Structures are given as C-alpha cells and as structure tokens.
Amino acid sequence: MSATGASTAGRPAAGARPGKRDLLSISDIASDLPALLHRAEELKALRRQHVLPRPLLDRNVAMIFEKPSTRTRSSFEIGVQELGGHAVYLSSSEMQLGRGETIADTARVLSRYYDGLVYRAFKWQNEEELARWASVPVINALDDREHPCQIVADLQTLSERWAGRFTGRRLAWIGDGNNVLQSLVLGCAAVGLDLIAAIPEGYRPSDEILARANRLAAGTGAKIRIVADPREAAKDADALYTDVWVSMGEEAEAAARKTAFRGYTIDDGLLDLARPGAFAMHDLPAHRGLEITDSVMDGDRQAIWDQAENRLHAQKAILELLIPPAVPRSTP
Ligand code: CP
Ligand code: NVA
C-alpha cells in the first residue's frame, strides 16, 4: 500500500465535520489524558456491572489494517459494538488500496459511509495522508512511529495500580526505541510520570519525538532520560516495560537486532533491582525468552494481562471522545 500513499494533486475535499479531531500521536490528546483515563476506569467499572453506555448508536467505524493484530482489532471491534455502533474490519490487502487506489480517494469514499476510521499502517506518512483527506476522525491503531491507543491503556493500568497518582513514580523501559516507546515517552511527559529508558545506541527514539516530549515535560515536571544500561534503568523503578526487539515490518533486521538487544531482557534478576512491589509490563505479543522471560510473564510481578484488558476500556473512552454522537434522525 505504501506505493499508493503518495499525495495526489489537489486539496482535501471540503466538508470535514466541524470539530473533527484525529488521534495520530498521543500528543494530540495530551491535555485530554487525565479525563480520558478517568472515563476509561469508569467504563471498566460500568462494564463489570453490565452497564454499557451507547454514545455511538447509529455510528459506523471502519478498521483498516495493513498488519496483523489480535488485541487492537478485537478491542476496537468489541468496543465500538459495546458503545452501540457498528465496526467493519477492512484488510488493506483485500481493498482496492492493495491494487493502487490512492489513500486520498479511499479516505474521501469511506468518509461518506463511516463516522470514524481506525487505521493500522506500515508508514506514519500514510496515517497522516488518510487523516488529511478523511472528513471524519482517524485513530492511529499503530504505525512505525507511534502506538497511542496502547499507551492510553498502559497509563490506565498504571493509574489503577498507583491509585491515580503518577507523581513520584518512575517507569523504566528496557529495549527498543520503537513505536511503543515513542508514544510512551510522549504519554509519560504529558501526565508527569518519570521515564528512564535503557536503549542501545542506534535504536533510540527520534530527536523530534524527544524534543516534543521535553516540551510536554516542561509543563508537567516529568523527567525523561535515555541510558544504555538496563540495570541502571531498573534500579529503583516502580515498573519495567518492554516490547519486542523486532517490530512488524523489521523482519529483515531480525538477526542484527537480536544481537544488539542481548542483555535487554526483563527477568527476575532485573525486577529484583526495582522498588518493592514493582511489576513488569509488555504490550504483547511477547517473544518469551528474548525480551522477557516465562517466569516473569507467568508470575505475580506483572501487569501484562491488565494492560491487554484495558485496551478495550481505554479505546472506548477514545472513541467516545473523538466520534460525536449521531444527530437524531427524523423518521422518513
Ligand atoms: N499490543 C497490540 O497492539 O497487539 P496487537 O498487535 O495484537 O493488536
Ligand atoms: N512494536 C511492535 C508492537 C506490536 C503491538 C510492532 O510494531 O510490531
């Protein structure tokens, strides 16, 4: 699909819905995060009581996926349905996108049917292209630069464990400076959570993301630090977070990455360096025995399954924030 991603001549069609908001980067919702996390926790509690608010009644959401997904696809599909809307899964390889139709044309057509577009893309430029031409909100379901919905769920998980307070806590990242880490840096900076990331040289987050994170951190007091040594990051941390060493689309680099990340494994020894009560996090899917051990994943010192569950609640809060309710329809 990347070949079809180039901008077409002309301008985006007029008619973007008034107040349309996209979620391409977690920094797009930086100031909404406290309320969003509160709402996600509320929606979780309501669901436990079998109460399902329906703000998306009569709303349709397309989910365009260029890459595989277990959690994001399922949690968005169920989330839209629980909010009263209708979700349609579209694999890009089965769309005309796969045969050369442009992203711009696709965006204009889908905006006539749907009230929101969820998009998992190989390239962040394609994400921006879809948002530029769509007249309805676009929600980033992962690209090569960010994974914002994951981080909203992760912040919800941390908020639950820490009674809603990020101040004075320290999160340690161990591993690749990838899409998940880049959203995490921005998310931590936005909510005032200190982050220390152990990342090998050559795999660090982009200067642009770090500069944006530092601007957000200036307003919240969060301290963001990148180091090389996993033990330095783990020491006195309240939680250790990791992700795969080889992200989707990087398969050709697998051998070099496995060498570069040797020693960046979350195991019991690394967790022992952290503060009492510290736990491991992973966005999943995990490669057990590489970035994290079986013992940590299957033990008590982890928040991994809560993270996965919270994708559902966090994304419901995101959908509710970004997709306006249907205008009441008059009977024909
Ligand atoms: N964590 C995450 O986004 O998982 P999926 O790739 O299964 O959606
Ligand atoms: N960094 C990983 C996250 C998977 C949810 C990837 O992009 O493949």
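Preceding this section is the structure that the text describes.
Residues numbered from 1 in each chain as written. Chains lettered and ligands numbered in written order. Predicted model: local features only at pLDDT ≥ 70, side-chain atom pairs only at ≥ 80, totals over all residues. Heavy atoms only, no water.

A few points about the site of ligand 1
Argument step 1. Neighbouring ligand 1 are the residues S69, T70, R71, T72, R120, H147, Q150, D283, L284 and R311.
Argument step 2. Contacts to ligand 1 include R120, whose side-chain N or O atom sits 2.9 Å from an oxygen atom.
Argument step 3. The contact in question runs from a nitrogen atom of ligand 1 to an N or O atom on the backbone of L284, over 2.8 Å.
Argument step 4. Out of a free accessible area of 260 Å², ligand 1 has 96% covered by protein chains. (Near = heavy atom within 4 Å. Polar contact = N/O pair within 3.5 Å; in protein donor to acceptor, adjacent residues only side chain to side chain. Areas by Shrake-Rupley, 256 points an atom, 1.4 Å probe, with all protein chains shown as cover.)

Observations regarding the site of ligand 2
Argument step 1. Within the structure, ligand 2 sits among L142, N178, N179, D243, V244, S247, M248, D283 and L284.
Argument step 2. N179 is positioned with one of its side-chain polar atoms (N or O) 2.8 Å from an oxygen atom of ligand 2.
Argument step 3. In this structure, D243 approaches ligand 2 through a side-chain N or O atom, which is 2.7 Å from a nitrogen atom.
Argument step 4. Notes on ligand 2: free accessible area 270 Å², of which the protein chains cover 95%.
Argument step 5. Among the residues forming the shell around ligand 2, the class breakdown is four nonpolar, three polar and two charged. (Nonpolar A, V, L, I, M, F, W, Y, C, P; charged D, E, K, R; others polar.)

Focus: the sheet that holds strand β1 (residues 60-65)
Argument step 1. Pairing is parallel across the open sheet formed by four strands, whose spatial order is β2-β1-β3-β4. Bordering the open sheet on either side are β2 (86-91) and β4 (138-140), each of which pairs with just one other strand. Recorded for the sheet is a direction-independent mean angle of 20° between the axes of neighbouring strands.
Argument step 2. The pairing of β1 with strand β3 (residues 116-120) spans five bridges and is classified as parallel. If you follow I64 over to β3, its bridge partner there is Y119.
Argument step 3. On the sheet, helix α2 (residues 71-82) packs against β1, β2, β3 and β4 and is oriented at approximately 175° with respect to β1. (Pairing = 2+ DSSP bridges. Helix = DSSP H or I, 4+ residues; strand = E, 2+ residues; numbered from the N terminus. Axes fitted to C-alpha atoms, helices over the stretch in contact; angles between N-to-C directions. Contact = heavy atoms within 4.5 Å.)

Some words on the packing of aromatic side chains
Argument step 1. Per the counting criterion, the structure on display carries seven aromatic pairs.
Argument step 2. Judged by centre distance (5.5 Å) and plane angle (40°), the ring pair of F65 and Y89 falls under tilted. Here F65 is found in strand β1, whereas its partner Y89 is found in strand β2, with 24 residues between them in sequence.
Argument step 3. By relative accessible area, F65 is classed as buried at 2%.
Argument step 4. Taken together through their ring pairs, the aromatic side chains of Y203, W245, F261 and Y264 make up a single cluster.
Argument step 5. The ring of W124 has R145 lying over it, and the distance from NZ or CZ to the ring centre is 3.8 Å.
Argument step 6. The ring of F279 has R161 lying over it, and the distance from NZ or CZ to the ring centre is 5.0 Å. (Phe/Tyr/Trp six-rings, centres within 6.5 Å; stacked < 30°, edge-to-face > 60°. Buried < 20%, exposed > 50% of the residue type's maximum accessible area, 1.4 Å probe, protein only. Lys NZ or Arg CZ within 6 Å of the ring centre and 35° of its normal.)

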